[in-house]
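Listed here are the chains, written in short residue letters.
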Amino acid sequence: MLQLELTDQTGILTDMEWAAAVAAAGPVLARAQAGEARYADSLGWLDPTVWGGQDWAERAAALAQKLHSFADTFVVIGVGGSNNAARTVAEALDLPGGMKIVWAGNTLSPHAMNRMLARLEGRSVVIDCIAKNFETLEPGASFRVLRRYLCDRYGREEAARRILCTGTPGSPLEKLCAEQGYTFLPFPEPIGGRFTALSPVHLVPMAAAGADVAALCRGAEEMAAALRSLPAAQNPALRYAVLRHLLWQKGYRAELLSCFEPRMKGLFSWWEQLFAESEGKDGVGLLPVTGEFSEQLHSLGQFIQDGSHFLFETFLQIKEQQASLSLHPDGVQDGFGYLDDKDFEDLNRAAFSATRTAHSATLPCLTLTIDRVDEKNLGGLFYFFQFACYLSASLLGVNPFDQSGVEAYKGWMFRALGKPGA
Ligand code: PA5
């Protein structure tokens, strides 16, 4: 189980105040643990064995193995909730046995598109177009380009064997698959994109990348069992949600999630989307931002320490670094003699501790600790944040499962492009 701890030298928040607010939020936790009827059409993720679990893990692994028997490159066409979770896993883990994953459908830049196509040269390619409603411009436009690319390269029949689509049953995408002979996978209807990390939407590309998706699902199942039964005082998801809410009430407007492992960059994007789309509505919500340390200590660090006081920080601490690299002396007087025979592990740990001590002097800091980066812990982390986000949005009084705010720019864009009915 992950741990959560508050380090705050500013006196803004005490452990006692936190504990009292957690106790008061007991009814919100009870409602989320049971799953509220008003959100029934969005809670397909709450029990991760329904649209995921060992059964789907096996099916995803078998499909990935079949594809890997004739292809070495898997193109994920998808944006936002149809991209971020698989990307988190593929970027965080070293997966030598998997297929090369290429990300598409997440840009409208011709330069980026051409670069993506260039990465397919000389490779044996399969594609998975992931689109819940098949209306989003980026995946729709990219899918057209990649379909043509595959047909030109392999001919229509062989291209069809190399095309998967993941969409809502009954959607235009399913119809297209039936007409063209593409494999169709279900995008679970009662789960919105950003809550699909533990469903077939992402298990298939994760398995294609070479991840042990059975372990990932086990991690999620264990986390779900704990968070859906632990009482308020021991429930880390509620404690995290309440802390965010208390800080919101005290005037903080942004949460900075930071980590000293660059391989967690994919998780940063996933986490940003989850909280931004779930909470940023009706004029409220904390802006989720991220800090890739130690690099961004040399850019954001100044502001975090000394700039306007509207953000608090959550450190994602990873206990085992799972790697080491020693700094043996080489006889050159380079001014770094104090590092002789130390390890990068020591440097990274010292940087984390020093940063937390320094930042907690001017802003409230939380530390969320996991043991190591592996499938089981990533599965647990996905569920933890999803459940915490549900609780946090409930405390804020907003519906976590809609995102009407993103429709405004789409209307203008569709009209500019002449989409019928826009
Ligand atoms: O969380 C959400 O529902 C959204 O962010 C979607 O994931 C994103 O807009 C992509 O949608 P679609 O899969 O329909 O293309």
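Rules of the game
Residues numbered from 1 in each chain as written. Predicted model: local features only at pLDDT ≥ 70, side-chain atom pairs only at ≥ 80, totals over all residues. Heavy atoms only, no water. Helix = DSSP H or I, 4+ residues; strand = E, 2+ residues; numbered from the N terminus. Contact = heavy atoms within 4.5 Å. Axes fitted to C-alpha atoms, helices over the stretch in contact; angles between N-to-C directions. Left-handed = near helix turned anticlockwise from the far one by under 90°. Nonpolar A, V, L, I, M, F, W, Y, C, P; charged D, E, K, R; others polar. 1 Å grid on protein atoms, 1.4 Å probe; cavity = no way out; pocket = protein on both sides within 12 Å on 5 of 7 lines; lining within 4 Å. Points joined across faces, edges and corners; volume = space filled by probe spheres on them.

Asker: Run through the side chain of Gln386, naming residues and quoting values.
Answerer: When you line up the elements, Gln386 lands in helix α15 (residues 375-396). Once you skip the residues sitting within four places of it in the chain, Gln386 turns out to touch Trp45, Arg194, Phe195, Thr196, Ala197, Trp270 and Leu274.

Asker: Before we move on, can you summarise the packing of helix α5 (residues 110-118) against helix α6 (residues 137-154) with the specific residues and values?
Answerer: Between α5 and α6, whose axes approach to 12 Å, the crossing angle comes to 35°. The handedness of the crossing between α5 and α6 is right-handed. For the pair α5 and α6, the contacting residues are Met113, Met116 and Leu117 in the first and Ser142, Val145, Leu146 and Tyr149 in the second. Of the residues belonging to the contact of α5 with α6, the class tally is six nonpolar, one polar and no charged.

Asker: Can you break down empty space enclosed by the protein residue by residue, with the values?
Answerer: One pass over the structure, following the stated rule, counts three cavities of 30 Å³ or more. Taken as a whole, the largest cavity spans an internal volume of roughly 50 Å³. Forming the walls of the largest cavity are Gly44, Trp45, Asp47, Pro48, Trp51, Gly52, Ile191, Phe195, Thr196, Leu198 and Ser199. Empty space within the second largest cavity amounts to approximately 40 Å³. Secondary-structure elements contributing two or more residues to the lining of the second largest cavity are α11 (236-249) and α15. Looking at the lining of the second largest cavity element by element, the count peaks at three residues for α11. When its residues are assigned to classes, the lining of the second largest cavity shows three nonpolar, three polar and two charged.

Worth remembering: the numbers are spatial, not functional.
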